[in-house]
Amino acid sequence: MLHAVDVHKNYGDYVAVAGVTLFIDEGEFVSIVGPNGAGKTTLINVLTGLLQPTAGHVHYKGHDISGAGPVKLAQLGMARSFQLVAVFAELTVMEVLQAASLTRLGRGMRLFHSLGSDREVRENAEHIASLFGLQDQLGVKSGQLPQGNKKLLDVASAFALYPEIILLDEPTSGVSTSDKHRIMETLVVASKEIGIKSIIQVEHDMDIVFGYSDRIVALYEGRVLADGSPQEIECNEEVMRNIIGREPVRNA
Amino acid sequence: MSTPTERTTGSTEVKHPDGKGIGLWLKLALVLLGIVLLALLPQVLSRYYIILMMPFFAYSIALLGLNLLFGYTGLISFGHALFIGVGAYSAAFLMRDGGLEYMEPLILLSLLGAVIVAVPVGLLAVRYIGIYFGLLTLAFGMLFYSFLLKFYSITSGDQGIRVEKPILLGFIDTTGIDYLTGPFYYYCLGLLVVMALVMWRIVKSPFGLTLRCVRDNSVKAESLGIGVYRYRFYAFLISAIYGGVAGVILAVSVGQVDPTMSYWTSSGNLVFMTLLGGFTSFFGPIVGAGAFILLQDQVMSLWEYWRLVFGAILALIVIFAPSGLMGLLTMGWKKVVR
Amino acid sequence: MGDVVSILMSGLFSAAILFLVAAGLQLVFGVMKIFNLAVGSFYALGAFFGATLVNWAVGEGLPQPLFFFGLLIAGILLGVIGPVIERLLRPIYDRDEAFQLLLTFAIVLMLEDITMMIWGSQPRSTGSLYLVYGTVNLLGATVPVYNLFVIAAAGTIAVGIGLLLSRTAFGRVLRAAADKREMVQSLGVNTRRLYVIVFSLGVVLSTIGGALVIPVTATMSEMGVELIVEAFAVVVIGGLGSMRGALVGALVVGYVTTLSINYYPPIEMLVIYLVVIVVLVIKPRGLFGGETA
């Protein structure tokens, strides 16, 4: 589904991503791990079309999307959430989700229709809100939500696009440990509801990573160090020691 | 901090009044009351003040357009007076050189002129935000001003062009009646009501909501598939149309167009009015236009140094009451309602 | 040949004055990230006050050849309004750029009237005082020596600023603050005092620009409001925040205006704005934008 082939990204002399090749198929939940500066966010930005790769290309469902820009990719069925919470501070939860539905349905340009009269959009928004437990906060301005709910809204609005693949940049960062699992559970259930085929996340919390992923990709200094199932990664000494900071599991 | 083309921080830091403001029915009642009052004014006011209402109507319309850009899309234009000038001079040329006598085609064609100018300017300008957008629009405004000033053979330079009174609705002309304080006043009031209604629909539409997304977080908006430049461009076009109509009203009511209509300080005053009334409210700009004109008239008659007073007022608003008069009103209302 | 040299010198003179005002703009924008629309007003203040001070001083017996220093002193003295206005701007440092622009616009309005209140609307000038330095014949063109002094002064100031920014500790702090305000704060620098100094310096540069121009023109009531338009063109072309940009931008604008005035006056402002727009489109940060020196 999503193929990154030999992607490089340099900022001047600084090499952020040095030759990453990654294939994501339908039905996979992939976690990208690695220390800070390993190039994870840069990779995500390249994969989501925000950045043009210096070399290499990215294909999505057969199309070359290198540097296509987030707008085009959203239309193709790719969505993302942001590491630093991205909200529309002055818009209520309801309005945010309505906006996402509108774009999905191609109704964003309607100048003279009344927003309130569009039942389909409103019901969509309410449905997504309830999937994420935000149904009681529909009238609250996004900027005033508690931090955890802001993150949920960020993800929820991305989900409202009914994407086929979604990239989450640290979905549980800045959230208390008790909330983390709640968020991940909500995510997994919602993605089944919505029909999202693949999830890619960047995550630091290893419990979350090992608890939810089908596959783990370990990034180190811009390169893929290892790419495999949690069980395989657990046995990988280099990855466990350098990145995850635990002792590798010895084969029996 | 912002770069020329992207914003890395979120929305405006002004806290919009939260929770429910004044109730919807009450708002509607107030608006209707306002329209009725405006309709009755010619009966009570002296001729001097009725004439003063002309710029009020013009600026209200212009500011409705400006605030679509500023309050709803987050773009501060320091060149809105460009479109007022385009509208005004289009009307002047059409009447002088085109022999046009009727108001309705005058408005439509001047509007078209504003759109024609807005397309290239907008295509360029909406790629920039923040101060770069402000400076670019300022540059375009001044470009037009210098064209108006220097190309004497076409525009008569600083002398300006005289504008006759066009025929309203196909049959109302200046014979036998006081055109300005009579039919033209109501014509402008009608224009304001119509254009305000249209803007209200626009703002409450899906388009309006998407604009606000673009305003609050353009990066996130793009990730949702919102074509940020496209939306800004259309907002810019609409604001230009409103500016153009305002220009026609000014041209007719003053009877004269001159280059200073597009000088950068005129644009600055427009932004001032918007802020004075309150950019976070739909009616703020209208309130701002009225307050500005009234204040300017009163202060000017008392003291020639009205700019000093106005500068001080603007400073106070920016520092202490960025939500303007409507913001203060809403806050005060909430305290009363407690 | 004389014509060419004459144009050359005129352009240089315009550029010199423009550079001074633009440098004031750049310094403040670079460090404080505020685009100060009021530099034109400071320029006007410098012109009025300079004329008044010099006329008074010469009337009191100051030997005429020293009037140049009188102008410089006038500009420097006006620096006292720097802290006052900075105090006014302080509440909006962290606000949206729109508000910053508006507040400086408010200052423009106030200063316009304050200037009118103090000096009225009659044009002021120092008459033919500047001729006391005589003129010089350069390759067929007659150039007032005063103009050369101004060019030299602007050049010296430019070099001085360059050295200040690159060689002194203060300059280093300035450049660091331009890049990352928070970091500089955490390093223990008193940013409040820094801003007062920077802003006052910006004011002085603009007032000196205005003071130095007055001997060859007369004050006009709209001069502040009109100059900001040219100054703005200079910094946009050169790149917001860059001193080098101020220099190059000043030369570009100075020569474009001089050439237009000489060959086809109506297009003077038009061409400047076209250049501004072209630069903003091709390189929105200007020729040297993104730099702080």
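What you see is a predicted model; the values in this text were computed from it and never measured.

Peer 1: Can you break down the interface of chain B and chain C residue by residue, with the values?
Peer 2: Contact residues are listed per partner, giving 48 residues for chain B and 45 residues for chain C. Taking both partners together, chain B and chain C bury about 4400 Å²; carbon and sulfur atoms supply 79% of that area. On the surface where chain B and chain C come into contact, there are two salt bridges. For Glu112 of chain C, the salt bridge identified is with Arg307 of chain B, shortest N-O distance 3.7 Å. Inspection of the chain B/chain C interface yields seven residue pairs in polar contact (both at pLDDT 80 or more).

Peer 1: Account for the pairing of strand 3 (residues 29-33) of chain A, naming residues and giving values.
Peer 2: Residue and element names in this part refer to chain A. Judged by how many residues are buried, strand 3 sits mostly within the fold: five of five residues are covered. With four bridges connecting them, strand 3 and strand 8 (residues 198-202) associate as parallel partners. Looking across to strand 8, one finds that Phe29 is bridged to Ile199. For strand 3 and strand 9 (residues 215-220), the ladder comprises four bridges, and the chain directions are parallel. Across the sheet, residue Ser31 finds its bridge partner in strand 9, namely Ile216.

Peer 1: Any details on the sheet that holds strand 7 (residues 165-169) of chain A? Residues and values, ideally.
Peer 2: Residue and element names in this part refer to chain A. Spatially, 6-7-8-3-9-10 is the arrangement adopted by the six strands of the open sheet, whose pairing is mixed. On the outer flanks of this sheet lie strand 6 (78-81) and strand 10 (223-228), each paired with one strand and no other. Going from strand to strand, the sheet's axes swing by 15° on average, the running direction of each strand aside.

Peer 1: Describe the side chain of Gln26 of chain C, with residues and values.
Peer 2: Positionally, Gln26 of chain C belongs in helix 1 (residues 2-32). If we skip the residues at most four places from it in the chain, Gln26 of chain C touches Val235, Gly239, Leu240, Gly241, Ser242, Met243, Gly245 and Ala246 of chain C.

Peer 1: Quick rundown of the packing of helix 1 of chain C against helix 6 (residues 145-167) of chain C? Include the residues and the values.
Peer 2: Residues and elements named next belong to chain C. As a packed pair, helix 1 and helix 6 sit with axes 9 Å apart at the nearest point and diverge in direction by 40°. Between helix 1 and helix 6, the angle falls in the class oblique. For the pair helix 1 and helix 6, the crossing hand works out as left-handed. Mapping the contact onto sequence places Met9, Leu12, Phe13, Ala16, Ile17, Phe19, Leu20 and Ala23 in helix 1 and Asn147, Leu148, Val150, Ile151, Ala154, Ile157, Ala158 and Ile161 in helix 6.

Peer 1: Explain the packing of helix 4 (residues 103-125) of chain B against helix 5 (residues 130-150) of chain B to me, and be specific about the residues and the numbers.
Peer 2: Residue and element names in this part refer to chain B. In contact at an axis separation of 10 Å, helix 4 and helix 5 are set at 155° when each is read in the N-to-C sense. The angle between helix 4 and helix 5 places the two elements in the roughly antiparallel class. By crossing handedness, the relation of helix 4 to helix 5 is classed as right-handed. Between helix 4 and helix 5, the contacting residues are Val121, Leu124 and Ala125 on the first element and Phe133, Leu136 and Phe140 on the second. Class assignment for the residues of the contact of helix 4 with helix 5 results in six nonpolar, no polar and no charged.

Peer 1: I'd love a proper account of the pattern of salt bridges, names of residues and values included.
Peer 2: The full count for this structure, using the stated rule, is 18 salt bridges over all chains. Residues Glu95 of chain A and Arg212 of chain B are paired through a salt bridge, measuring 2.9 Å at the closest nitrogen-oxygen approach. Of the two residues, Glu95 of chain A is situated in helix 3 (residues 93-105) and Arg212 of chain B in helix 8 (residues 206-216); the pairing between them involves two chains. We classify Glu95 of chain A as buried; its relative accessible area is 17%. The salt bridge involving Lys220 of chain B is made with Asp154 of chain A; its shortest N-O contact spans 2.6 Å.

What counts and what doesn't
- Residues numbered from 1 in each chain as written.
- Chains lettered and ligands numbered in written order.
- Predicted model: local features only at pLDDT ≥ 70, side-chain atom pairs only at ≥ 80, totals over all residues.
- Heavy atoms only, no water.
- Contact = heavy atoms within 4.5 Å.
- Buried area = accessible area lost by both parts, 1.4 Å probe.
- Salt bridge = Lys/Arg side-chain N within 4 Å of Asp/Glu carboxyl O.
- Polar contact = N/O pair within 3.5 Å; in protein donor to acceptor, adjacent residues only side chain to side chain.
- Buried < 20%, exposed > 50% of the residue type's maximum accessible area, 1.4 Å probe, protein only.
- Helix = DSSP H or I, 4+ residues; strand = E, 2+ residues; numbered from the N terminus.
- Pairing = 2+ DSSP bridges.
- Axes fitted to C-alpha atoms, helices over the stretch in contact; angles between N-to-C directions.
- Parallel < 35°, antiparallel > 145°, perpendicular 65-115°, else oblique.
- Left-handed = near helix turned anticlockwise from the far one by under 90°.
- Nonpolar A, V, L, I, M, F, W, Y, C, P; charged D, E, K, R; others polar.

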